[in-house]
Amino acid sequence: MKILKKIFITIILASFATSSFAETKMRITLQLPLKAHLGQNLLVFKKEVEKRSDIKVEIYDSAQLYKDKEVPQAVGSGAIEAGVASITRFAGTNPEVDVFYLPFLFDSEKKVRKATAQGSKIRSILDPAISKTGAMPLYYQAYGSAIMLSNGGPMKTPADFKDKKIRVFGKTLGAFVSSLGGKPALISGSEQYLAYQRGTVDAGMTGVSGVKSRKLYQVMDTLTVTNHGDIEFVVVVNQKWYNKLNAKQKSAIQSASKIAEKAVRDDMANIEAGAYKIAKENGMKIVKLSSSDLSALKKASASVIDDYIKRTGGAGGVGDKLVKEAKKL
């Protein structure tokens with residue numbers, strides 16, 4: 001009996017020791033390839049977290065675990081600790097997040113920086129609302145401005161959009177296409193290459209960095225620099241998982257988030273310039289809007305902002321407040 005008792009005590013002590021030294025794992029799902037700038041930015045986050053804590057960060061890129069549209073539910077439910085998704089993927093529960101995709105509202109890098117900065121009035125409205133889904137925003141990942149891809153000709157006037165089936169990645173972006181007479185098709189970022197290759201759609205929109213990372217120049221020959229929306233991705237963490245972390249671990253994640261967020265925002269201009277260069281070198285025609293083209297697109301799509309305000313609480317509602325804050329920037 002004494003021997004059995006000793007064995008039993010030894011096993012218990014060993015289990016306590018194992019649990020004491022067991023590392024905390026933070027898995028992050030990403031729809032883009034690791035070589036894409038969002039993937040490289042996650043490596044910055046991983047390095048900073050692991051340097052400051054005992055958390056082991058594992059990145060699952062290229063939609064190995066979840067597609068972009070599945071990330072909010074997967075993270076919110078705790079199926080995975082963290083993930084990266086286009087912020088518009090939270091529009092199902094929080095339609096106000098689509099403020100970034102309202103046509104031509106954020107028309108300069110200066111405005112985007114102010115809007116997405118931690119503690120900004122816009123984020124002070126959006127982040128708590130998103131957190132109610134169980135997926136708490138850690139930091140925003142800049143993806144640049146939305147541009148148009150097509151074959152055989154540019155997408156620079158309302159007439160160019162008319163009756164064309166166009167890939168979009170959010171409801172408000174779909175409303176933009178509809179306002180110009182096009183037919184929006186919601187297609188995940190990881191599936192757009194095949195959609196273009198197979199002719200499922202006639203044209204599409206994305207960030208120019210995606211043209212490089214996804215090699216979209218292989219299936220589309222024209223890039224129109226519309227800059228009609230600001231594409232933001234958000235790194236979210238399961239709220240319950242985060243709440244169980246100790247103070248040092250939480251501090252490590254918050255510090256790493258600030259460093260990674262600044263890194264990707266600061267490098268966005270260079271990332272986009274490099275992507276345009278690659279697109280051109282691979283045969284894409286780069287078309288810029290004239291002032292009259294821009295004016296026509298703005299006028300034709302103005303109803304999108306009005307509709308957004310109506311479906312986010314109307315006058316004085318959350319969407320109205322966000323639009324007013326954006327116009328102050």
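Residues numbered from 1 in each chain as written. Predicted model: local features only at pLDDT ≥ 70, side-chain atom pairs only at ≥ 80, totals over all residues. Heavy atoms only, no water.

Enquirer: Lay out helix α7 (residues 171-179) with the relevant residues and their values.
Expert: Every buried residue of α7 is accounted for by Thr 172, Leu 173, Gly 174, Phe 176 and Val 177. Of the surrounding elements, those touching the buried residues of α7 are α6 (158-161), β5 (165-168), β6 (183-186), β7 (203-207) and α14 (303-310). Within two residues after α7, Gly 181 carries a phi angle of roughly 90°, on the positive side. (Buried < 20%, exposed > 50% of the residue type's maximum accessible area, 1.4 Å probe, protein only. Helix = DSSP H or I, 4+ residues; strand = E, 2+ residues; numbered from the N terminus. Contact = heavy atoms within 4.5 Å.)

Enquirer: Account for the packing of α14 against helix α15 (residues 318-328), with residues named and values stated.
Expert: Between α14 and α15, the least distance of the axes is 7 Å, while the angle of their chain directions is 135°. Considered as vectors, α14 and α15 are oriented oblique to each other. The segment α14 lies against α15, with Ile 305, Tyr 308 and Ile 309 engaging Gly 319, Asp 320, Leu 322 and Val 323. Split into classes, the residues belonging to the contact of α14 with α15 amount to five nonpolar, one polar and one charged. (Axes fitted to C-alpha atoms, helices over the stretch in contact; angles between N-to-C directions. Parallel < 35°, antiparallel > 145°, perpendicular 65-115°, else oblique. Nonpolar A, V, L, I, M, F, W, Y, C, P; charged D, E, K, R; others polar.)

Enquirer: Please provide a residue-by-residue account of the layout of surface pockets, values included.
Expert: In this structure, the largest pocket spans a volume of roughly 490 Å³. Around the largest pocket, the lining is made up of 25 residues, and of these Ser 108, Glu 109, Ser 145, Asn 227 and Glu 272 lie nearest the centre. Contributions of two or more residues to the lining of the largest pocket are made by α4 (109-116), β4 (135-150), β9 (230-238), α12 (268-281) and α13 (291-300). No other element matches α12, which puts four residues into the lining of the largest pocket. (1 Å grid on protein atoms, 1.4 Å probe; cavity = no way out; pocket = protein on both sides within 12 Å on 5 of 7 lines; lining within 4 Å. Points joined across faces, edges and corners; volume = space filled by probe spheres on them.)

Enquirer: Describe the pairing of strand β3 (residues 82-86), naming the residues involved and giving the relevant values.
Expert: Two faces, one strand: in a regular strand the side chains alternate between the faces of the sheet. Across the five residues of β3, five count as buried, placing the element largely inside the fold. In this structure, strand β1 (residues 24-29) lies alongside β3, joined through two bridges in parallel fashion. Note on β3: the bridge partner recorded for Ile 28 is Ala 82. In the sheet, β3 pairs with β9 via five bridges, with the strands oriented antiparallel. (Pairing = 2+ DSSP bridges.)

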